[in-house]
Amino acid sequence: MEGFLATCIVAATPLLFATVGELLTEKAGHLNLGVEGMMLMGAVIGFLAALKTDSALIALLAACFAGAGGALIFAILTVTLRANQVVTGLTLTIFGSGFAGFVGQPILGSMVPAKTSAFFVKRAVPLLGSIPFLGPVMFRQDIFVYLSYGVVIIVAFYLYRTKPGLNLRAVGESAPSADASGINVTLYKYVHILTGGALCGLGGAYLSLVRVPIWQADVVNGRGWIAVALVIFVSWNPLKAFLGAMLFGGLSIVGLRMQAMGVSVSQYLVDMIPYVSTIVIVILSSYKKGKEKQPPRDLGNPYFREER
Amino acid sequence: MNFLRLAKRDDLPKKTEWLIRAGAILLSLVFSGLILLLFKLNPIEVFKTIIIGSVGSEMRIHQTIIKSVPLIITSLGVLVAFKMKFWNIGGEGQILMGAFAASYVALFFPEMPRAMALILMIIAAVIGGGIWAFIPAFFKAKMGINETIFTLMMNYVAIKFVTFLQYQAWMDPNAKGFPRIAPFPEWALLPKLFGVHIGYIIAIILVVLVHLFIKYTKKGYEITVVGESIETARYAGMNINKIIVIAMLISGGLCGIAGMIQVSGVEKTLAVGISGGYGFTAIITAWLARLNAISALFVCIVFAMLLQGGAYIQVNLNVPSTVANVVQGTILFFVLGSEFFLQYRLIPAKRILKEGKEAA
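The numbers attached to residues start from 1 for each chain and follow its sequence in the written order. Each chain gets a letter, beginning with A, and each ligand a number, beginning with 1, in the order they are written. pLDDT decides what is reported in this predicted model: residues at 70 or higher carry local features, side-chain atom pairs at 80 or more are listed and counted, and totals for whole chains, interfaces and linings draw on all residues regardless. To obtain the side-chain values, all non-hydrogen atoms of the structure were included, while hydrogens and water were left out.

**Notes on the overall build of chain A**
Then, in step 1: Secondary structure elements follow DSSP: runs of H or I no shorter than four residues count as helices, runs of E no shorter than two count as strands, and numbering proceeds from the N terminus. A count of helices and strands for chain A gives 14 helices and 0 strands.
Then, in step 2: In chain A, the order of α-helices and β-strands from amino to carboxyl end is α-α-α-α-α-α-α-α-α-α-α-α-α-α.
Then, in step 3: Restricting the calculation to C-alpha atoms gives the radius of gyration, and the globule rule supplies 2.2 Å times the number of residues raised to the power 0.38. Relative to the compact-globule value of 19 Å for 308 residues, chain A shows a C-alpha radius of gyration of 19 Å, a close match.
Then, in step 4: Counting only C-alpha atoms, chain A reaches 60 × 45 × 40 Å along its principal axes.
Then, in step 5: A buried classification covers 59% of the 308 residues belonging to chain A.
Then, in step 6: Of the contacts formed within chain A by residues at least 6 apart in sequence, a portion of 77% connects residues at least 24 apart.
Then, in step 7: Throughout, the Shrake-Rupley method with a 1.4 Å probe supplies accessible areas, and for residues the shown protein chains are the sole cover considered. Carbon and sulfur atoms form 68% of the exposed surface of chain A, whose accessible area is close to 12100 Å².
Then, in step 8: Asp and Glu count as negative and Lys and Arg as positive, but His and the ends of the chain are not part of the count. Charge positions come from single atoms, namely NZ of Lys, CZ of Arg, CG of Asp or CD of Glu. Here chain A contributes 22 positive and 14 negative side-chain charges, whose respective centroids are spaced 6 Å apart. Buried means the residue's accessible area, taken with a 1.4 Å probe over protein chains only, is under 20% of the maximum for its type, while exposed means over 50%, and partly exposed covers the values in between. Two residues qualify as a contact provided that any one of their heavy atoms is within 4.5 Å of a heavy atom in the partner residue.

Here's what the structure looks like:
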């Protein structure tokens, strides 16, 4: 059981980065459907940086920049030029998948170099790693996983306990009111869309550097879209995102487990489970009531000051 | 932006409008060229090879037409939904389920005359794609469930389902373990006209029908009104839920027909690869065509050239075909950005001050 849950966390980590990234973006009032594309950009650039420098830190930074670069295109188009967010996000996904295929072509099948993969071996955290049950599940993982814990805690603290976090939520709820109270709406939107993109890039890099350490063009394989659904599922709460990502990560590996236990199920049908459950969850979450559980009110609305 | 102010434009002359758009497309090509240069590829050679690869010989022109057919029909499906601001990104799934339903007729029905078989297959495809679109439409209409995620997840469910058929349930026992479904019998294949299957004739007919539907019928008008403003539609006493469901049935049905043409005319059996990303590319083409059926026809032909040319450069220049995706994405980025300049104009702040003083 502990082993299974520990594997769930590994499967959850890319989802968690992307979910928290998209959550920040949506808190700024922008629905970015380019998560899949930004993850792919992060995955390929992170991998390429690792290959060229064999430095894990440079690889992580490069992945952040790649994701943020994708998000910058989205931000310029939707914040400054007020383009349609749905279409822009979709285009970013198409662009990102083309980008990853194109940039990744010469390195298809390459392996993550030794020093980088050695950096991402599993290491137990002193003390925490020896807690019964929780230790083996959560604290005998690789550094990248610990980074995701940190991101969740920092984002949760930022959103609910700091002034800029409060301002951000105000921007997402009602850009005109936030503007009237002196918040620099455009700046807030840019900063958080870019940060969100950087986190998506990291999620992609986890896949290409740790999960499947051989470069292949379809490494993200729909996880970006699951992250978009997860944001709804966890009702825009970063702490719940942790549990949500674990649940979905678990669903994606449960088929293999069942086969290993000798239960005869069709792998192809089991592969459907994460997608069907996302649909069910999106339907169920519409029953949730309460202000905390609703999307940011200005989500998807462009803001044009002169039109106020 | 203290030195610049924005103002809404009044209606632009059509000529200026198209000039801005042409400028955007030109800029996007320059920009994609720069990306290619960055990867040490000669952009002029790449673009030239794309054109040669798409229209350079009779065989390649046929290939371009074959690629444009599903794209045109799927774009029609997408634009009917988008007119209503219903973000149907489930084209892939609807194509596959339409193809699945048509394949069922071809594989399990007794032999019948070709015309009858093809009509039955088209009806089956419309139902298959339609049901796949109806499910999210129903939940949108009844419970306000976000359709973007829903239609998208339906894609993956359909992909896994057809994979299951291809690799397990319907796998051809005579294929010596090769994961494929038995080829269709002769009577279930689309006939050819001038060397290409007649899907292109179906596509052109559908373009005209969809155009007439949106421009000249009451239902088509209602779809546009719902897209412009739900409030207006409600005030006018329209049954919004019914309109959403009908429009999505049409949208999914059209995508289903695209699937039927792929299995009956191109692949000659059902395979998971038949949708080939058309469901997503169609979103770009429908948007570039400003959700107009006739324009979509031309945009799709250009995009089919990009796809066919992309496949050609992979073989010819050893450049991955995904370059076509990069170029497509870049074009749409620029066109999306240019729409801003169609709607707003920038005025130097000084002039506003001056005009203000003169007015005083």
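From this point, the discussion proceeds with the structure in view.
**Here we look at the overall build of chain B**
Then, in step 1: A tally of regular secondary structure across chain B gives 14 helices and 4 strands.
Then, in step 2: A globule of 360 residues ought to have a C-alpha radius of gyration of about 21 Å, and chain B, at 23 Å, matches this closely.
Then, in step 3: Projected onto the principal axes, the alpha-carbon positions of chain B cover approximately 85 × 60 × 35 Å.
Then, in step 4: Buried positions account for 54% of the 360 residues belonging to chain B.
Then, in step 5: In chain B, once contacts between residues fewer than 6 apart in sequence are set aside, the share between residues at least 24 apart is 77%.
Then, in step 6: Element-wise, carbon and sulfur atoms account for 66% of the exposed surface of chain B, whose accessible area totals about 16600 Å².
Then, in step 7: Treating the 31 positive side-chain charges of chain B as one cloud and the 17 negative ones as another, the clouds have centres 4 Å apart.

**Let's talk about the interface of chain B and chain A**
Then, in step 1: Every contact between the two is made by 47 residues of chain B and, on the other side, 45 residues of chain A.
Then, in step 2: Summed over both partners, buried area is the accessible surface (1.4 Å probe) that two parts give up on being assembled. Between chain B and chain A the total buried area reaches about 4200 Å² when both faces are included, carbon and sulfur atoms providing 83% of it.
Then, in step 3: Salt bridges, as used here, are contacts in which a Lys or Arg side-chain nitrogen is within 4 Å of a carboxyl oxygen on Asp or Glu. At the junction of chain B with chain A, the criterion picks out 0 salt bridges.
Then, in step 4: Polar contacts, as used here, are pairs of N or O atoms within 3.5 Å; protein pairs need one atom able to donate a hydrogen and one able to accept it. Residues neighboring in sequence count only if both atoms are side-chain atoms. At the boundary of chain B with chain A, the tally comes to 1 residue pair in polar contact (both at pLDDT 80 or more).
Then, in step 5: Going through the elements one at a time, β1 (4–8), α1 (14–38), α5 (114–143), α6 (147–169), α11 (278–288) and α13 (323–343) of chain B are the ones with two or more residues in the side of chain B that touches chain A.
Then, in step 6: Ranked by residue count, the leading element in the side of chain B that touches chain A is α6(B), at 14 residues.
Then, in step 7: Residue polarity follows a fixed list, in which Ala, Val, Leu, Ile, Met, Phe, Trp, Tyr, Cys and Pro are nonpolar, Asp, Glu, Lys and Arg are charged, and the others, Gly among them, are polar. Grouping the amino acids of the side of chain B that touches chain A by side-chain chemistry returns 35 nonpolar, 9 polar and 3 charged.

**Observations concerning the nonpolar core**
The tendency in soluble globular proteins is for nonpolar side chains to be buried side by side.
Then, in step 1: To form a nonpolar core, buried Ala, Val, Leu, Ile, Met, Phe, Trp, Tyr and Cys residues must be joined to one another through side-chain atoms within 4.5 Å. Counting 222 residues, the largest nonpolar core has A:Phe102, A:Phe144, A:Leu209, A:Trp225, B:Ile73 and B:Met121 as the members making the most contacts within it.
Then, in step 2: If one sorts the elements of this core by residue count, helix α1 (residues 2–27) of chain A sits on top with 14 residues.
Then, in step 3: The contact partners of A:Trp225, leaving out residues within four places of it in the chain, are A:Leu33, A:Glu36, A:Leu90, A:Thr93, B:Ile89, B:Leu152, B:Met153 and B:Tyr156.

**Overview of the packing of aromatic side chains**
Then, in step 1: Note on aromatic contacts: the rings of Phe and Tyr and the six-membered ring of Trp form a pair at centre separations within 6.5 Å, being stacked when their planes are under 30 degrees apart, edge-to-face when over 60 apart, and tilted otherwise. Counted by the stated rule, this structure contains 24 aromatic pairs over all chains.
Then, in step 2: Ring geometry for A:Phe119 against A:Phe120: centres 5.3 Å apart, planes inclined by 80°, an arrangement best described as edge-to-face.
Then, in step 3: Among the residues examined, A:Phe119 registers a relative accessible area of 27% and is labelled partly exposed.
Then, in step 4: Looking at A:Phe120, the relative accessible area reads 6%, which means it is buried.
Then, in step 5: Centroid distance A:Tyr275 to B:Tyr156: 4.6 Å. Interplanar angle 10°. Geometry classified as stacked. Of this pair, A:Tyr275 sits in helix α14 (residues 273–285) while B:Tyr156 sits in helix α6, on two different chains.

**What to know about the packing of helix α7 (residues 143–161) of chain A against helix α10 (residues 185–211) of chain A**
All names here are of chain A.
Then, in step 1: Axis angles are defined between N-to-C directions and span 0 to 180 degrees, where every axis is a line fitted to C-alpha atoms and, for a helix, only to the segment in contact. Where α7 meets α10, the closest approach of the two axes is 11 Å, and the angle between their N-to-C directions is 160°. It follows that α7 is roughly antiparallel to α10 by the angle criterion. You can see that α7 and α10 cross each other, and the crossing is left-handed. For the pair α7 and α10, the contacting residues are Phe144, Val145, Leu147, Val151 and Tyr158 in the first and His192, Leu199, Leu202, Ala205, Tyr206 and Val210 in the second.
Then, in step 2: Its residues assigned to classes, the contact of α7 with α10 shows 10 nonpolar, 1 polar and no charged. By definition in this entry, angles of less than 35 degrees are roughly parallel, angles greater than 145 are roughly antiparallel, angles of 65 to 115 are roughly perpendicular, and the rest are oblique. Helix crossings are classified by the rotation of the near helix relative to the far one: an anticlockwise turn of less than a right angle makes the crossing left-handed, while a clockwise turn makes it right-handed.

**As for a nonpolar patch on the surface**
All names here are of chain A.
Then, in step 1: A patch is a set of surface residues, each over 30% in relative accessible area and not in a salt bridge, joined within 9 Å for like charges and within 5 Å for the nonpolar side chains Val, Leu, Ile, Met, Phe, Trp and Tyr. On the surface, Met1, Leu128, Ile131, Phe133 and Leu134 cluster together into a nonpolar patch covering about 470 Å² of accessible area.
Then, in step 2: Looking at the secondary structure, you find Phe133 in the loop between α5 (114–119) and α6 (134–138).
Then, in step 3: Taking relative accessible area as the criterion, Phe133 reaches 41% and is therefore assigned partly exposed.

**Brief notes about the state of the cysteines**
Then, in step 1: The definition used for a disulfide is geometric: two cysteine sulfur atoms within 2.5 Å. For the structure on display, the rule yields 0 disulfides over all chains.
Then, in step 2: Residue A:Cys64 stays outside any disulfide, its sulfur separated by 11 Å from that of A:Cys200, the closest cysteine.

**Thoughts on helix α3 (residues 58–83) of chain B**
Residue and element names in this part refer to chain B.
Then, in step 1: Spanning 26 residues, α3 covers 36 Å between terminal C-alpha atoms, matching the ideal 38 Å at 1.5 Å per step.
Then, in step 2: The element α3 is extensively covered by neighbouring structure, given that 20 of its 26 residues are classed as buried.
Then, in step 3: Just past α3, the residue Lys85 takes up positive phi, approximately 55°. One less than the residue count of a helix, multiplied by 1.5 Å, gives the span that helix is expected to have.

**Description of unusual backbone geometry**
Then, in step 1: With a phi close to 40°, A:Ser235 is a non-glycine residue in the positive phi region.
Then, in step 2: Inspection of the secondary structure puts A:Ser235 in the loop between α11 (223–233) and α12 (238–260).

**Describing the pattern of salt bridges**
Residue and element names in this part refer to chain B.
Then, in step 1: The final tally for this structure, using the stated rule, is 8 salt bridges over all chains.
Then, in step 2: In this structure, Lys218 and Glu222 form a salt bridge, with 3.6 Å as the shortest nitrogen-oxygen distance. You can see Lys218 and its partner Glu222 sitting in helix α8 (residues 218–228), 4 residues apart, about one turn around the helix.
Then, in step 3: With its nearest N and O atoms 3.2 Å apart, the salt bridge here joins Lys219 to Glu222. Here Lys219 and its partner Glu222 are both found in helix α8, 3 residues apart, which amounts to about one turn of the helix.
Then, in step 4: Glu222 sits in the buried class, given a relative accessible area of 9%.
Then, in step 5: Through salt bridges with shared partners, a single network forms among Lys218, Lys219 and Glu222.

**Remarks on the side chain of B:Ser28**
Residue and element names in this part refer to chain B.
Then, in step 1: Here Ser28 shows up in helix α1.
Then, in step 2: Taking the relative accessible area as the measure of exposure, Ser28 reaches 0% and is therefore buried.
Then, in step 3: Setting aside residues no more than four positions away along its own chain, Ser28 makes contact with Thr330, Ile331 and Phe334.

**Some remarks on helix α12 (residues 293–316) of chain B**
Residue and element names in this part refer to chain B.
Then, in step 1: Compared with an ideal rise of 1.5 Å per residue, which puts 24 residues at 34 Å, α12 spans 34 Å between its outermost C-alpha atoms and is within 8% of the ideal.
Then, in step 2: The residue sitting at the N-terminus of α12 and contributing the capping side-chain oxygen is Asn292; that oxygen lies 2.8 Å from the backbone nitrogen of Ile294.
Then, in step 3: Two residues or fewer after α12 comes Asn318, characterised by a positive phi angle close to 60°.

**Brief notes about the environment of B:Ile202**
Residues and elements named next belong to chain B.
Then, in step 1: Within the secondary structure layout, Ile202 lies in helix α7 (residues 199–216).
Then, in step 2: Of the residues examined, Ile202 reaches a relative accessible area of 17% and is grouped as buried.
Then, in step 3: Every residue in contact with Ile202, bar those within four places of it in the chain, is listed here: Ile122, Leu190, Ile257 and Ile261.

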